[in-house]
Amino acid sequence: MAIDPQPQPSAHETNQDTPEIGGGLPVIKYWAEQTLSPAGPKLWKTLLHHSACLSCSWGTGGQKGGFTNEEGEKLQRCMKSVEAISAEIQPPVPAHFFDTHPIAELQQLSSLEADRLGRLSFPVIRRAKSDRFERIGWDEIYAIATAAFQKPPQRIASYSSGRGSNEAAFLLQLMLRTLGSNNLADCSDLCHAPSTTALQAMFGTKTSIVSLESLKQADCVVLAGANSAYNHPRLMNELIKLRDRGGKVIVINPVKEIGLVKFGSPAFPVKSLIPGSEIASLYLQPIPGSDVGLFIGIQKALIEQGHVDQAFLQAHTEGWEAVLEQARSLDWETLTATCGVSQSEIETAARLIGTAKGVVFGWAMGITQHTNGVDNVYSIANTALISGQIARMGAGVMPVRGHSNVQGFGSMGVTVKLKEEIKQALEQLLGRSLNLPKGYHTRDLIEAAAADQVDSLICVGGNLYGANPDSAQAKRALGKIDTIIYLATKPNIGHFNGLAATNTIIIPVLNRFENPHKTTVESGNNFVRLNDEGQTHLKNADLISEVEFLTELAHCLLGDYPVEWRQLQDTRYVRQLIAKTIPGYEKIAAIDQTKEEFTISGRIVTEPHFKTPSGKAVMFTTPLPSLTLPTPQAFGIDDHPSNTLVLALMTGRSYSQHNTVVYKIGDQYRGMPHRHCILMNRIDAEKIGLSEHDRVTVQGDADKLDNIEVIYGAVRAGAALMFYPEVNVIFKARTETRSGTPAYKRVPVIVYRKRLKTA
Ligand SMILES: Nc1nc2c(c(=O)[nH]1)N[C@H]1C(S)=C(S)[C@@H](COP(=O)(O)OP(=O)(O)OC[C@H]3O[C@@H](n4cnc5c(=O)[nH]c(N)nc54)[C@H](O)[C@@H]3O)O[C@H]1N2
Ligand SMILES: Nc1nc2c(c(=O)[nH]1)N[C@H]1C(S)=C(S)[C@@H](COP(=O)(O)OP(=O)(O)OC[C@H]3O[C@@H](n4cnc5c(=O)[nH]c(N)nc54)[C@H](O)[C@@H]3O)O[C@H]1N2
Ligand code: SF4
Ligand SMILES: [Mo]
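Trainee: For this particular structure, what's the right way to read the pattern of salt bridges?
Mentor: When the charged atoms of two side chains with opposite charge come close together, those side chains can pair. The full count for this structure, using the stated rule, is 37 salt bridges. For Arg670, the salt bridge is made with Glu257, and the minimal N-O distance between the two is 2.9 Å. Linking Arg670 in the loop between β23 (661–662) and β24 (677–680) with Glu257 in the loop between β7 (248–252) and α14 (258–261), this pair joins segments that are 413 residues apart in sequence. Comparing Arg670 with Glu257 shows no difference in burial state: the two are buried. The partner of Asp375 in a salt bridge is Arg738, with the nearest N and O atoms 3.2 Å apart. On the criterion of sequence distance, the pair formed by Asp375 in helix α22 (residues 373–386) and Arg738 in the loop between β27 (719–723) and β28 (747–752) is long-range, its members being 363 residues apart. Given a relative accessible area of 7%, Asp375 falls into the buried group. Three or more residues are tied together by salt bridges with common partners; here these are Glu88, Arg119, Arg163 and Glu514.

Okay, structure coming up:
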């Protein structure tokens, strides 16, 4: 079907520093700079090491030297992989660094500066009221940690981030659950929890039901709320190949991300790298938080165009009548007013979906990080079911996950919503029933800590302080916990600002390519990879593996119950336990002999049979969101309306950062020169007499940031974009109630230049 060529972002809606394409030559330049630098040989050694990429969940690398994906395709490493490795192969933090740099000074560091301090290579403690960290020995660490985790089970907790291994994740949850605690907060609570909640309810599974092999057979991809050109670059190759075979890509994003319009991929040096490949066939720019309205619109158009797969709905789904009825009964005016996309654009999208042979629906944080994130996912999956674009090769739903092993942490049971099968297997292992209380997910953990209900916390990676909304609240809350133990490879702002009341211990750990034992991780495509043993470049360092620390601590706390913890330092035994406990992981039992990496069984759905009690997919209606913004008075401001602008702020990632870790201050593809910019539409800026590069104050419901530079961008009017973690100081958490995920993508803010009259 012919569709109008997409207009390129025109001059008035972007800025002169925005390049013509995403990816492209800068990527190669970065590769060259890094690989030819003094650290080059070390970098290559790591790239060739047999271990999964550290960075994102797309999960390339692994077999035959780290460059091959599960389909056997070569050259599957992007520059994000290089960026992540470069940070890990930094020299160590100097031996006497903490003696001469008090905490007050460390708290002033930016995220980039904290990361540049180097690799952590000896354990340190900050004792109550001390003004600095000091070195600590292992005996004292275990003594403090043992006393801390002997506290009542409801008062101990963990937080984790998806960089560690399946083995470490399994041990962490086994230790906490044996102690009687279900307080297993995880970064996925801030991320894809709405996806797991919705997919579990609809399909009885928590992860993508599409394999890479299946994606390769699609002829249409819908990519909603995902800036994959930045965050999952190798997914872009699949989109380029799909366009080459005549397929269509529908992008849904309030920001016209240049890399989703056109992307130059180094994997295709001649045809793509310099000219760039067209990605979006159709680019829809909805109002932030309105995707439910847009997807119901697509459903309505599918009905009107006769593209409903009635036979599929009747045979394989439940609840479809109400979903169709909702789409029929809502009128076009209401739907288009809700999402801000025209009826004709919505109809074009529906026609592409309805006439395609196979559609894969992918999404990320633009969909989940809203107060109605679960409904957003429901509405996407409803659209797939209504059009029959699911449950066969080339069609289905695919959350595009975050950290490189965040999905593995969930599979291993690091979640407050434990699967019944895992619970039963753990009960067998423990020889008793597990009557676990509700458990704190990440937001509940912060609230419980603020209410003085948490004594001890162990953080396996991550940056709990930096990742949460309302940084001042996070700092206060963590400050009420008695003991916090951070396991980390590199320092971050959370270690210096997330100080416990009595003991804050930072334990330096080996990363994925340095461990003395093999480990495994799971990609967002449900593929399990094996990481070989390795060595650290750090000389005379006092590092430990996550597995060793967790098993030693568990041994101190639990002796040999329910397992010989110390024996599990040989990770082959952990894999045997995983094979017996975790559904779909049976093949891990043989991986040490066969080295065969595998797709987890029961996850990929290519037949219309689902893991729900009835075997049918369960559909839910999705209420339209109400998307009003507060008045200036609600921010305590009572000035002339021409001086202030209330916007829906999306907060997320720049090109050169990995979550709270910033690698480079600018974002070259959005033309944002530093971290303290707000990307906004020219029309909005001019409403209050602003010009590009003016400085403004951006205020949320918790605090404000002054001196923020206005940058014009292809953001739809009424919306704007800023970078986290810096922006997390200004807003409080409003969360999606079913999953606990904060609404990071629709933060009401007020923008102004002058000193204002307050209400
Ligand atoms: N290089 C790199 N890779 C990463 C990460 C990283 O920080 N750096 N982080 C990893 C992690 S943990 C995650 S979760 C993923 C994140 O990957 P993404 O989800 O791609 O990243 P974000 O920057 O959070 O935002 C995604 C997009 O959502 C759009 N958006 C905002 N609001 C809405 C909305 O209401 N509707 C729609 N349709 N779109 C909206 C934004 O404009 C933005 O383009 O990436 C992973 N990979
Ligand atoms: N405003 C706003 N806030 C957000 C988001 C947003 O889009 N907007 N996104 C949210 C999302 S999707 C996520 S996932 C969270 C991310 O939240 P987290 O996962 O908590 O944060 P990261 O920045 O990924 O954590 C980085 C730290 O992990 C440690 N680390 C790295 N590798 C390893 C390892 O192998 N082992 C161990 N033990 N430690 C390691 C390093 O010390 C590094 O500093 O942030 C959330 N916060
Ligand atoms: S796409 Fe993700 S997993 Fe693949 S090389 Fe890039 S950062 Fe690594
Ligand atoms: Mo994430």
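Let's pick the thread back up.
Trainee: Is there a simple way to think about the pairing of strand β6 (residues 220–224) in this case?
Mentor: Two faces make up the sheet, and in a regular strand the side chains alternate between them. Most of β6 is tucked away: 5 of the 5 residues are buried. Here β6 shows no split at all, with Cys220, Val222 and Ala224 on one side and Val221 and Leu223 on the other all buried. Alignment of β6 against β7, held across 5 bridges, turns out to be parallel. Within the sheet, the bridge partner assigned to Cys220 lies in β7 and is Lys248. The sheet contact formed by β6 and strand β12 (residues 359–363) spans 5 bridges and is parallel. Within β12, the residue paired with Cys220 across the bridge is Val359.

Trainee: What exactly am I supposed to notice about the site of ligand 3 here?
Mentor: Surrounding ligand 3, one finds Cys53, Ser55, Cys56, Trp58, Gly59, Thr60, Gln76, Arg77, Cys78, Lys80, Pro233 and Arg234. Here the residues of the shell around ligand 3 are counted per class, giving 5 nonpolar, 4 polar and 3 charged.

Trainee: For this particular structure, what's the right way to read helix α25 (residues 442–450)?
Mentor: Quick reminder: α-helices carry 3.6 residues per turn. Residues three or four places apart thus point the same way. Thr442, Arg443, Leu445, Ile446, Ala448 and Ala449 are the residues of α25 that are buried. On the buried face of α25, the contacting elements are β4 (156–160), β5 (184–186), β14 (456–460), α26 (464–467) and α27 (471–478). Two residues or fewer after α25 comes Asp452, characterised by a positive phi angle close to 65°.

Trainee: I keep staring at the domain arrangement of the chain and nothing clicks. Help me out?
Mentor: Note on interface size: it is often stated as the accessible area lost on association of the parts. Domains assigned within the chain are domain 1 (22–88), domain 2 (97–189 + 407–596), domain 3 (193–399) and domain 4 (632–752). The straight-line distance from the C-alpha centre of domain 2 to that of domain 3 is 35 Å. Tallying the contact residues gives 8 residues for domain 2 and 7 residues for domain 3. Across the domain 2 to domain 3 interface the summed buried area is about 640 Å²; carbon plus sulfur atoms make up 38%. Looking at the side of domain 2 facing domain 3, the largest losses of area belong to Lys417, Lys419 and Asn525, adding up to 53% of the total buried there. Joining domain 2 to domain 3, the criterion identifies 0 salt bridges. At the boundary of domain 2 with domain 3, the tally comes to 5 residue pairs in polar contact (both at pLDDT 80 or more). When its residues are assigned to classes, the side of domain 2 that touches domain 3 shows no nonpolar, 5 polar and 3 charged.

Trainee: What exactly am I supposed to notice about the sheet that holds β14 here?
Mentor: Sheets are built from strands that pair by backbone hydrogen bonding, the pairs being arranged parallel or antiparallel. In spatial order, the strands read β3-β2-β16-β15-β14-β4-β5; together these 7 strands make up an open sheet with mixed pairing. Every other strand in the sheet has two partners, leaving β3 (134–135) and β5 as the edge strands with one partner each. Alignment of strand β2 (residues 124–126) against strand β16 (residues 503–508), held across 3 bridges, turns out to be antiparallel. Looking at the pairing, Arg126 lines up with Thr504 of β16.

The rules we used
Residues numbered from 1 in each chain as written. Chains lettered and ligands numbered in written order. Predicted model: local features only at pLDDT ≥ 70, side-chain atom pairs only at ≥ 80, totals over all residues. Heavy atoms only, no water. Salt bridge = Lys/Arg side-chain N within 4 Å of Asp/Glu carboxyl O. Helix = DSSP H or I, 4+ residues; strand = E, 2+ residues; numbered from the N terminus. Buried < 20%, exposed > 50% of the residue type's maximum accessible area, 1.4 Å probe, protein only. Pairing = 2+ DSSP bridges. Near = heavy atom within 4 Å. Nonpolar A, V, L, I, M, F, W, Y, C, P; charged D, E, K, R; others polar. Contact = heavy atoms within 4.5 Å. Domains from an automatic or database assignment. Buried area = accessible area lost by both parts, 1.4 Å probe. Polar contact = N/O pair within 3.5 Å; in protein donor to acceptor, adjacent residues only side chain to side chain.

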